[in-house]
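Listed below, chain by chain, are the residues.
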Amino acid sequence: MINRFLKTKDKINIAINHYNCERDEVVIIAPGWCMTKDSESFCRMSEMFAIHFDVISFDFRGHGKSNR
């Protein structure tokens, strides 16, 4: 898994976890209310999907490691 930041047009850093398994398809996981990409349940879910897909999970603005 690779931890990265993507920068939005208005210069906000969005934190992502990228499970790069070199697959042709990707699953994007958007954590729910009061959760982050690093929450235990989302990490387990990402690892399970990574068996068959690349996976990108992210923190919404102002949550987890993303800026406001």
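Caption draft 1: Geometry of the pattern of salt bridges. Per the stated rule, a full pass over the model turns up 5 salt bridges. Between Lys37 and Asp59 there is a salt bridge, with the nearest N and O atoms lying 3.9 Å from each other. Placement of Lys37 in the loop between β3 (26-29) and α1 (40-49) and of Asp59 in the segment after β4 (54-58) is noted, with a sequence separation of 22 residues between them. Take Lys37 and Asp59: they sit in the same class, and that class is buried. Across the pair Arg44 and Glu40 runs a salt bridge whose closest N-O atoms are separated by 3.7 Å. Of the two residues, Arg44 and Glu40 are both situated in helix α1; the distance of 4 residues between them amounts to about one turn of the helix.

Caption draft 2: Spotlight on the packing of aromatic side chains. The tally for this structure, following the rule as stated, stands at 2 aromatic pairs. Taking the centre distance of 4.8 Å and the plane angle of 65° together, the rings of Phe58 and Phe60 count as edge-to-face. For Phe58, a relative accessible area of 18% translates into the label buried. By relative accessible area, Phe60 is classed as partly exposed at 39%.

Caption draft 3: Geometry of the sheet that holds strand β1 (residues 2-7). Overall, mixed pairing links the 4 strands, which are arranged β1-β2-β4-β3 in an open sheet. Here the strands that pair on one side only, and so sit at the sheet edges, are β1 and β3. Strand-to-strand, the axes of this sheet are offset by a mean angle of 25°, without reference to chain direction. Here β1 runs beside strand β2 (residues 13-19); their pairing, made up of 6 bridges, is antiparallel.

Conventions adopted
- Residues numbered from 1 in each chain as written.
- Predicted model: local features only at pLDDT ≥ 70, side-chain atom pairs only at ≥ 80, totals over all residues.
- Heavy atoms only, no water.
- Salt bridge = Lys/Arg side-chain N within 4 Å of Asp/Glu carboxyl O.
- Helix = DSSP H or I, 4+ residues; strand = E, 2+ residues; numbered from the N terminus.
- Buried < 20%, exposed > 50% of the residue type's maximum accessible area, 1.4 Å probe, protein only.
- Phe/Tyr/Trp six-rings, centres within 6.5 Å; stacked < 30°, edge-to-face > 60°.
- Pairing = 2+ DSSP bridges.
- Axes fitted to C-alpha atoms, helices over the stretch in contact; angles between N-to-C directions.

So yeah, pure geometry; function would need other evidence.
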